[in-house]
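# Report on the structure
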Amino acid sequence: MHNPVPARLSPNERPVMLVIIDTEEEFAWDRPFDRASTGTGSIASQPLMHQRVFDEFGIVPTYVIDWPVATTAESVAVLRGMMDEGRCEIGTHLHPWVSPPHDEEVSRFNSYAGNLPRQLEYDKLRLLTEAITRSFGRAPVAFKAGRYGLGAHTAKSIAALGYRIDASVVPYTSFIHDDGPDFSAFDEHPYRFEAGGRTLLELPVTTGYAGWLRSHGPALYALAQQPLARTARLGGILARSGALERIRLSPEVATGAEMRRLSTALHRDGCQVFSLTYHSPSMAPGHTPYVRDAADLERFIATVRDYCAWFRDELGGQFMSMTQLEARLAAS
Ligand SMILES: [Zn+2]
């Protein structure tokens, strides 16, 4: 990444919330990656969140979609119908283990596309981009790496394929223990950067710290990642004591109260853009660890709904699509 420059809204702009949905096949989250897991039946359940939440708030989420979704006619029909009505945008999400060309061994290491040889990662990105363009009649401009798996060449490759926005950075977080990327040095603020002679906009996944030790968050997180501290579950001890919680803005891994605590803390520190995220299979019970049954789904939808109402009415925020935010940032 070269010359990152902060991308700020004008100071009097109300805080902005985006919704980005990792839109993908159903797979067993506790089992090894499997090239044969390509079912996309849960895409039919996505409109429910629009009926129950998004339409009322005027929220236009971005579905970042992967190969099985982009190449299954029934799934395309559901999403393209909403896109044509102006109710969503379509971006790109690469799960390399189910995205051709299938030249690599399926493994945990190779599940981070950024770990693949440069040409193979590029070829997967190119074929996926072409499939989405064919299915939706327009070229995607926003990218989110599967498993947040950015590598040394990813930015140049997506820039060459016409992308203008990346949403793969998870601030304050390292996946090194799993052979993934290290975002420990990144924070929650959007920025622009140069790649392959073009300028890209980065919109990080909203992740951060709440609790009275939050100013020490990055240092303590690094400490908690040390082998001895992992064994002692230092991170869990800090979170349970209320001293320091690392929270992701997602109804899958955070409660409504946690998402409000995080947003309040970040907003106080000048954060302008809040990016809420979840995985499409969570909208149909039984596919992700987060939504096991109908009661979980009701809680899931209610958590999103309550947060959106709080964001608008208590934090004084507004909702934008990714490309609306891109335009607004460009204007300020
Ligand atoms: Zn994914």
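Above: the structure in question.
Residues numbered from 1 in each chain as written. Predicted model: local features only at pLDDT ≥ 70, side-chain atom pairs only at ≥ 80, totals over all residues.

This part covers the overall build of the chain. Along the chain, the regular secondary structure elements total 11 helices and 12 strands. Each of the 332 residues in the chain was classed as buried or not, and the buried ones make up 44%. Long-range pairs, those at least 24 residues apart, make up 74% of the contacts in the chain with a sequence separation of at least 6. (Helix = DSSP H or I, 4+ residues; strand = E, 2+ residues; numbered from the N terminus. Buried ≥ 20, exposed ≤ 12 C-beta atoms within 10 Å, placed from the backbone. Contact = placed C-beta atoms within 7 Å.)

Here we come to the packing of helix α1 (residues 47-57) against helix α10 (residues 294-313). Viewed as axis vectors pointing N to C, α1 and α10 meet at an angle of 5 degrees, and their least axial separation amounts to 10 Å. By the angle class used here, α1 and α10 are roughly parallel. Packed against α1, whose contacting residues are Met49, Arg52, Val53 and Phe57, the element α10 presents Ile301, Val304, Arg305, Cys308 and Arg312 at the interface. Broken down by class, the residue content of the contact of α1 with α10 amounts to six nonpolar, no polar and three charged. (Axes fitted to C-alpha atoms, helices over the stretch in contact; angles between N-to-C directions. Parallel < 35°, antiparallel > 145°, perpendicular 65-115°, else oblique. Nonpolar A, V, L, I, M, F, W, Y, C, P; charged D, E, K, R; others polar.)

What follows deals with unusual backbone geometry. The residue after Pro100, namely Pro101, is reached through a cis peptide bond having omega 0 degrees. Mapped onto the secondary structure, Pro101 falls in the loop between β4 (89-94) and α4 (118-136). If you check the backbone angles, Tyr172 has positive phi at about 60 degrees while not being a glycine. Structurally, the position occupied by Tyr172 is in the loop between β6 (165-166) and β7 (191-195). C-beta crowding within 10 Å serves as the criterion here: with 19 such atoms nearby, Tyr172 is assigned to the partly exposed category.

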